[in-house]
Amino acid sequence: MTSTIFDFVGDNSGEWQVTSMTAYKGNPIESVSHLTKVPLGDLSQSEKGIWSFKGIISNLRYTEKEEKDKLTSIQEDLGRKNATLAAFIPIRKSETWWNLAQDERRKIMESKSKHTQSGMKYLPAIARKLFHSRDIGEAFDFLTWFEYAPADAEAFEELLDTLRKTEEWTYVNREIDIRLKKV
Ligand code: HEM
């Protein structure tokens, strides 16, 4: 069975080497040298590392059919051989965001901030996965994960830069930007 629950474990060793860790917004988390993405979500105490964050692959909330079809037709899976770089970016949004109605949130994300529209231009170079954490009482609302080849690193920075300037991002109150290199 494919796992839908993952733990991201920060420790002194692991699958990915941490190349940088920046508290882009809000409080930082403890520095670690490595990170491992572990399926199943039932880590024993000794496997929890220096820190670990749990996230669940869930259904789409805002994506409309046309967008979904387009994404599905061009996006690539995680685990590509040449995608030796990754970014792990845990994000929390404000209570103001969560108090908005679904249609208001969609309007901010897409009509105003063009999140999917902008992101789409970077597919299939950037492979991505969104993990939800808010409903399981974690410190972050989302754990975002991206994998790309070194040749696409600059494009990834450009996309992040674009998204961080949007109205949607004014609701982000905690964001840790962790960059990784495959060990
Ligand atoms: C959500 C597309 C890059 C952070 C979404 C959703 C889509 C999407 C379609 C909505 C999912 C839903 O319907 O529930 C893309 C594409 C990208 C991209 C195509 C291109 C690589 C990024 C980047 C970040 C990011 C670079 C920054 C860390 C998020 C977050 C959510 C999200 C936090 C959840 C927002 C919420 O539910 O409030 N993305 N995205 N995305 N994306 Fe992206």
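Taking an unreviewed UniProt entry as the reference, the protein is identified by name as Chlorite dismutase belonging to Flavobacterium chungangense.

Asker: Outline the side chain of Lys 93, supporting the account with residue identities and numerical values.
Answerer: Mapped onto the elements, Lys 93 comes out in strand E5 (residues 85–93). Sequence-distant contacts of Lys 93, defined by excluding residues within four places in its chain, comprise Trp 98, Asp 141, Phe 142, Glu 168, Tyr 171, Val 172 and Asn 173.

Asker: How would you explain the site of the ligand if you had to name every residue and give the values?
Answerer: Residues in close proximity to the ligand total 27 residues, the closest being Arg 61, Tyr 62, Thr 63, Lys 93 and His 115. Interatomic distance of 2.7 Å between a side-chain N/O atom of Lys 93 and an oxygen atom of the ligand. Contributing elements (two or more residues each) for the shell around the ligand: E5, helix H4 (115–120), strand E6 (127–132), strand E7 (142–148) and helix H5 (153–164).

Asker: Quick rundown of the packing of aromatic side chains? Include the residues and the values.
Answerer: Summed over the entire model, instances satisfying the criterion amount to 12 aromatic pairs. A centroid spacing of 5.4 Å and a plane angle of 70° characterise the contact between Phe 6 and Phe 131, whose relative ring orientation is edge-to-face. Within this pair, whereas Phe 6 is found in strand E1 (residues 5–11), its partner Phe 131 is found in strand E6, the two being separated by 125 residues in sequence. A single burial state applies to Phe 6 and to Phe 131, both of which are buried.

Asker: Describe the coordination of the iron atom of the ligand, with residues and values.
Answerer: If you check the protein contacts of the iron atom of the ligand, you find one donor only, His 115 (NE2), at 2.1 Å. Tracing the chain through its elements places His 115 in helix H4.

Asker: So what's going on with the layout of surface pockets? Residues and values would help.
Answerer: There is about 160 Å³ of room inside the second largest pocket. Around the second largest pocket, the lining residues are Glu 15, Trp 16, Lys 37, Leu 78, Gly 79, Arg 80, Lys 81, Ala 83, Thr 84, Trp 145, Glu 147 and Lys 182. Partitioning the lining of the second largest pocket into residue classes produces 4 nonpolar, 2 polar and 6 charged.

Asker: Describe in detail helix H3 (residues 102–112), supporting the description with residues and values.
Answerer: Buried residues of H3: Arg 105, Arg 106, Ile 108, Met 109 and Glu 110, and no others. Looking straight down H3, one finds that the buried residues subtend no more than 160° of arc, so they occupy a single side. Those residues of H3 that are exposed and angled more than 90 degrees off the buried face are Asp 103 and Lys 112. Turning to H3, the residues buried within the fold contact helix H1 (65–74), helix H2 (95–99) and H4. Of the residues flanking the end of H3, it is Lys 114, one or two places downstream, whose phi is positive at about 55°.

Cut-offs and rules
Residues numbered from 1 in each chain as written. Predicted model: local features only at pLDDT ≥ 70, side-chain atom pairs only at ≥ 80, totals over all residues. Heavy atoms only, no water. Helix = DSSP H or I, 4+ residues; strand = E, 2+ residues; numbered from the N terminus. Contact = heavy atoms within 4.5 Å. Near = heavy atom within 4 Å. Polar contact = N/O pair within 3.5 Å; in protein donor to acceptor, adjacent residues only side chain to side chain. Phe/Tyr/Trp six-rings, centres within 6.5 Å; stacked < 30°, edge-to-face > 60°. Buried < 20%, exposed > 50% of the residue type's maximum accessible area, 1.4 Å probe, protein only. Donors = N, O, S within 2.8 Å, 3.2 Å for Na, K, Ca; no water. 1 Å grid on protein atoms, 1.4 Å probe; cavity = no way out; pocket = protein on both sides within 12 Å on 5 of 7 lines; lining within 4 Å. Points joined across faces, edges and corners; volume = space filled by probe spheres on them. Nonpolar A, V, L, I, M, F, W, Y, C, P; charged D, E, K, R; others polar. Arc of directions from axis to C-beta.

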